Amino acid sequence: MEWNGFVFASYVLVLGALAAYALRLRARLRALEREAHDSTPPSAGG
Amino acid sequence: MEERLIRSARYTGLLALAALAVWAYLAWVAPVEKAQGVIQKIMYVHVPNVAPAYLGFVLTAVGGIGFLTTRREEWDRFALAAAEVGVVFCSLILLSGPLWAKPAWGVWWVWDLRLTSTVVLWFIYVAYLFLRAFAAGSDSARSFSSIYGIVGTLAIPFVYFAVDLASGSTLHPTDPSRQGLPAGIAAALRSGMIAFLLVFAWLVARRLGVARLEALIEERRS
């Protein structure tokens, strides 16, 4: 396929943005899971 | 419902990855369109963002209706998750479009009806997210956000039919599904739409997981 900077930029932009958003959600989920675990009351923690 | 949706991320993520691989292959092997040349391949990464953006905003309204009728917070969290992911896809429509417009039209942007109405739609839901961020917590804020999210969907048909409404005075091409496209090009576009909808479902499930944990932690603090 013929090289074109606009085509390349569009795919990098869209796929990169989706990947970045997914990674951000993953990091936030991990942090919240740790926080939820730490905030579990001793009686409920088992 | 919420628990099932959050758990669905396990398999929607895998399905989305498989669908993205098929889409990438079909976009690569699709024939180069004669009139536009290789820049037409930008359509395969621009057009598939549209359905997830609209779906995200419609599901925001569904979540709003669910909250207003049941007063259950899980509906409100669902509305928020759908709106945020919808805004991500709507932003990608607005960013990838100019990358095609510049080589095709010679300009990055024109203020025609389709482009302008898409910007307005984006602003409506960015405002919704700001509203959620600054007025979080109270029941009245949730009710207001629900109504706002329901009313916001009225803009979607206007954006979708903007090209028809402009009756020939817009530069934006018509909906590809209404054009008679060669098989290779249609397959790349359809596979992109399926793959991006699966990515959308996966991201909404993940965002819902974040919202539920935030609510759980908030509940323990209070």
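Since we're looking at a predicted model, the values are computed, not measured.

Moving on, we get to unusual backbone geometry. Here Arg71 of chain B, not a glycine, exhibits a phi torsion of approximately 60°, which is positive. Its place among the elements puts Arg71 of chain B in the loop between α3 (50–70) and α4 (73–105).

Note on placement: Phe78 of chain B falls in helix α4. Filtering out sequence-adjacent residues up to four positions away, Phe78 of chain B remains in contact with Glu2, Gly63 and Leu208 of chain B.

Turning our attention to the environment of Ala16 of chain B. Residue and element names in this part refer to chain B. By secondary structure assignment, the location of Ala16 is in helix α1 (residues 2–29). The exposure class of Ala16 is buried, given the 23 C-beta atoms found within 10 Å. Note: C-alpha distance between Ala16 and Ile150 (134 residues apart in sequence) is 28 Å.

Looking now at the confidence of the model for chain B. Residues and elements named next belong to chain B. Confidence in the prediction of chain B, expressed as mean pLDDT, is 92, and 96% of residues score 70 or more. Of all helices and strands in chain B, the one with the weakest mean pLDDT is helix α8 (residues 162–165) (78), whereas α3 scores best (97). The ipTM assigned to the predicted complex is 0.91, against a pTM of 0.93.

Glancing now at helix α5 (residues 113–134) of chain B. Its 22 residues place the ends of α5 of chain B 31 Å apart at the C-alpha level, agreeing with the 32 Å of an ideal helix rising 1.5 Å per residue. Where α5 of chain B is buried, its residues meet α3, α4, α6 (139–152), α7 (155–160) and α8 of chain B.

So, about α6 of chain B. All names here are of chain B. Spanning 14 residues, α6 covers 20 Å between terminal C-alpha atoms, matching the ideal 20 Å at 1.5 Å per step. Turning to α6, its buried residues number three or more, namely Arg142, Ser145, Ser146, Tyr148, Gly149 and Gly152. Around the axis of α6, the buried residues are gathered within 165° of arc, so they sit on the same side. Facing away from the buried side of α6 by over 90 degrees, the exposed positions are Asp139, Ser140 and Val151. Along its buried surface, α6 packs onto α3, α4, α5 and α7.

Our next topic: the packing of α3 of chain B against helix α9 (residues 183–221) of chain B. Residue and element names in this part refer to chain B. With their axes 8 Å apart at the nearest point, α3 and α9 run at an angle of 35° to one another. Where α3 crosses over α9, the two elements pack in a sense that is right-handed. On the side of α3, the interface is formed by Ala51, Pro52, Leu55 and Gly56, while α9 contributes Met193, Phe196, Leu197 and Phe200. By residue class, the composition of the contact of α3 with α9 is seven nonpolar, one polar and no charged.

Criteria and cut-off values
Residues numbered from 1 in each chain as written. Chains lettered and ligands numbered in written order. Predicted model: local features only at pLDDT ≥ 70, side-chain atom pairs only at ≥ 80, totals over all residues. Helix = DSSP H or I, 4+ residues; strand = E, 2+ residues; numbered from the N terminus. Contact = placed C-beta atoms within 7 Å. Buried ≥ 20, exposed ≤ 12 C-beta atoms within 10 Å, placed from the backbone. pLDDT = per-residue confidence, 0-100. Expected span 1.5 Å × (residues − 1). Arc of directions from axis to C-beta. Axes fitted to C-alpha atoms, helices over the stretch in contact; angles between N-to-C directions. Left-handed = near helix turned anticlockwise from the far one by under 90°. Nonpolar A, V, L, I, M, F, W, Y, C, P; charged D, E, K, R; others polar.

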